[in-house]
Amino acid sequence: MRIALVRSPATYADWYRRPALGLAYICSYLRANSLECKIFDAYYNSWSEDELCDRVTAYRPGLVGLTAMTHEIITAARIASRIKMDLRMTAVIGGCHCTALPERTLSEFPVFDYGICGEAEAALLGLIRCLEHADYKGAEAVGGVVFRHGQDVIANGRAVPLDQGDLDAYPMPAFDDYYGSHRALRERNAAYVLISSRGCPFKCAFCMRVLGSKVRRRSAESVCDEMEVAIERYGAHTFDFCDDILLYRDGKTRGLLDLMVARGLQVKARWCGVTRADQIDPTTARMAKASGCFRLGIGVESGDDTVLETISKGITVEQVRRAVAILKQTGIAVDAYFIVGHPNETEEGLRKTLELAVELNADSVAVGLMVPYPGTRIHEMASRGEGRYRLLTEDWSKYDKYGGRALELEGL
């Protein structure tokens, strides 16, 4: 069976163009299991919806796997409908939105034949093997698969990660579909995206932790091997780690940083990623800098300790100040991320956030509107009218942190 993996055109933040790492991992895993598979990423390639549909139709797949965040789900359903007008194929939806609302996604969008809840590599392969043999009962038994049974929609739990989460067992992501020619990254002056772990142990109220709460980390050798391959094959000169949290104040992090230096990677390339204010100390910062780190992002969220406690962020304003000071002293640039619209937030609290942002004087600042993403505590609060919230709509296209209009906060 020929497989097409599809990502919709940009719906916001058109500047944020980088490969869909999830699709690249799924593609490489399916190919490793002798399936013909190709990625069609309209966002990365700046294709229109018409061009995307034409390309997928010309490929003539038997199954199309689409990924969608909440604000993309309506577009993904429309694309699946358009492709189905020309092809007899199975449409499978995965990604954040389906993971958060598995039954509702298939009920609301009948164009999708199946859904995948959670990490899709092993679950999608299991589904495909059953469909190849018309074993529809078997398909319903695959962990993580969402399916229809008569008038009902049933979600068979979350997908079980490959080899119980041993990330070293996954093949390298299929970036040939993105980068193509040798040394393409150097020619484009673009970063190579990679991930050293899946999952996040923290419980921020605005996040659904799509990869789970248990952190599974690749070995330092596996990460450094991929970096070396990327340098040789694609001309990688900058690495962008996409982990929910990359730097922890622990031995595994320091082991990775030590190995980067031992292999001389800091001479060939530089890297950036995301950490937390409570995970930065002078030793970790110095080791990161020595291994090639040039930039780190920190989720500050608010300058009000009461707000930080309310959203279960698990940090304090003083920890933020200390972490930013350490990184600046070490020579690592800082990206500070803030959110406007926390539960019960007041003008006084927002003033504290503004004052902290000015005081920190980070190298860049991103401010997002609070979005009540399904699967989060914020969505639950908004649905019940708690936290002075009013849920304005369940038009999923409005669930956009850069200009969406899904949530109202009384008094602001």
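Note: the structure precedes this text.
Each chain carries its own residue numbering, running from 1 in the written order of its sequence. Thresholds applied to this predicted model are a pLDDT of at least 70 for local features of residues and 80 or more for the giving and counting of side-chain atom pairs; totals over whole chains, interfaces and linings are not thresholded and use all residues. In computing side-chain properties, one takes all heavy atoms of the structure into account and sets aside hydrogens as well as water.

Peer 1: Explain the overall build of the chain here, please?
Peer 2: The helix and strand labels rest on DSSP assignments: H or I over at least four residues marks a helix, E over at least two residues marks a strand, and numbering proceeds from the N terminus. What the chain contains, in helices and strands, is 18 helices and 17 strands. Here the C-alpha radius of gyration of the chain, 22 Å, is about what a compact globule of 412 residues would show, namely 22 Å. Along the three orthogonal principal directions, the C-alpha set of the chain runs to about 60 × 55 × 35 Å. Burial status follows relative accessibility: with a 1.4 Å probe on protein chains alone, a residue under 20% of its type maximum counts as buried, one over 50% as exposed, and anything between as partly exposed. In the chain, buried positions account for 55% of the 412 residues. Per-residue accessibility takes into account occlusion by the displayed protein chains alone, with areas from the Shrake-Rupley method and a 1.4 Å probe. When the accessible surface of the chain is totalled, it reaches about 17,600 Å², and 49% of it is carbon and sulfur. Charged side chains of the chain number 51 positive and 55 negative; the gap between the two group centres comes to 2 Å. Radius of gyration here is computed from C-alpha atoms only, and the compact-globule reference equals 2.2 Å multiplied by the residue count raised to the power 0.38. His residues and chain termini do not enter the charge count, which takes Lys and Arg as positive and Asp and Glu as negative. Note on charges: their place is set at NZ of Lys, CZ of Arg, CG of Asp or CD of Glu.

Peer 1: Would you take a moment to explain helix H17 (residues 347-360) for this structure?
Peer 2: Because each turn of an α-helix spans 3.6 residues, side chains separated by three or four positions end up pointing in the same direction. Between its first and last C-alpha, H17 extends 20 Å over 14 residues, near the 20 Å set by a 1.5 Å rise per residue. Those residues of H17 hidden inside the fold are in contact with strand S13 (293-301), helix H16 (317-330) and strand S14 (333-340). Where H17 ends, the next residue or the one after it, asparagine 361, has phi of about 50°, a positive value. To estimate how far a helix should extend, the number of its residues minus one is multiplied by 1.5 Å. Here, residues are in contact when the closest pair of their heavy atoms is within 4.5 Å.

Peer 1: In this structure, what is going on with the side chain of threonine 275? I would like to understand it.
Peer 2: With respect to the element layout, threonine 275 can be found in strand S12 (residues 270-275). Here a polar contact means two N or O atoms within 3.5 Å. Within protein one must be a hydrogen donor candidate and the other an acceptor candidate, and residues neighboring in sequence count only if both atoms are side-chain atoms. Of the polar contacts made by the side chain of threonine 275, one reaches the backbone oxygen of leucine 247; its length is 3.0 Å. The contacts of threonine 275, once residues within four sequence positions are left out, are Ile245, Leu247, Ile280, Leu296, Gly297, Ile298 and Gly299.

Peer 1: It is not clear to me how the pairing of strand S3 (residues 63-67) should be interpreted in this structure. Could you clarify?
Peer 2: The side chains of a regular strand alternate between the sheet's two faces. Of all five residues in S3, four are buried; the element is thus mostly enclosed. At least two bridges found by DSSP between two strands are what make those strands a pair. Bridge count for strand S1 (residues 2-7) against S3 is five bridges, and the pairing is parallel. Considered in S3, the bridge of arginine 7 is made with threonine 67. In terms of strand pairing, S3 meets strand S4 (residues 90-94) through five bridges, oriented parallel. Opposite leucine 63, over in S4, you have threonine 90 as the bridge partner. The handedness of a crossover follows from its direction of travel: if, with the strands pointing away from the viewer, the path from the first strand over the helix to the second runs clockwise, the crossover is right-handed. In this view, the connection linking S3 to its parallel neighbour S4 by way of helix H4 (residues 73-86) has right-handed handedness.

Peer 1: Hey, could you run me through helix H7 (residues 121-132) in this one?
Peer 2: Given a rise of 1.5 Å per residue, twelve residues ought to cover 16 Å, and the 17 Å separating the end C-alpha atoms of H7 matches this to within 8%. Here H7 lies mainly inside the structure; nine of its twelve residues are buried. Among the residues making up H7, those that are buried are Glu121, Ala123, Leu124, Leu125, Gly126, Leu127, Ile128, Cys130 and Leu131. Two residues or fewer past H7, alanine 134 is found with a positive phi of approximately 55°.

Peer 1: How should the environment of methionine 1 be read in this particular structure?
Peer 2: Looking at the element boundaries, methionine 1 is found in the segment before S1. The exposure class of methionine 1 is partly exposed, given its relative accessible area of 34%. Spatially, the C-alpha atom of methionine 1 lies 17 Å from that of glycine 138, the residues being 137 residues apart in sequence. Setting aside residues no more than four positions away along its own chain, methionine 1 makes contact with Leu35, Glu36, Gly62, Leu63, Ile128, Leu131 and Glu132.

Peer 1: Sorry if this is basic, but what is going on with the nonpolar core here?
Peer 2: For soluble globular proteins, the rule of thumb is that nonpolar side chains tend to be buried together. Definition used in this section: a nonpolar core is a set of buried Ala, Val, Leu, Ile, Met, Phe, Trp, Tyr and Cys residues joined via side-chain atoms within 4.5 Å. Grouped together as the largest cluster of nonpolar side chains are 98 residues, with contacts concentrated most on Tyr192, Phe239 and Trp271. No other element matches the eight residues that helix H1 (residues 21-32) contributes to this core. Filtering out sequence-adjacent residues up to four positions away, phenylalanine 239 remains in contact with Tyr192, Leu194, Met227, Ala230, Ile231, Ala269, Arg270, Trp271 and Cys272. In this structure, Cys53, Val56, Met208 and Val371 belong to the second largest nonpolar core, which totals 37 residues.

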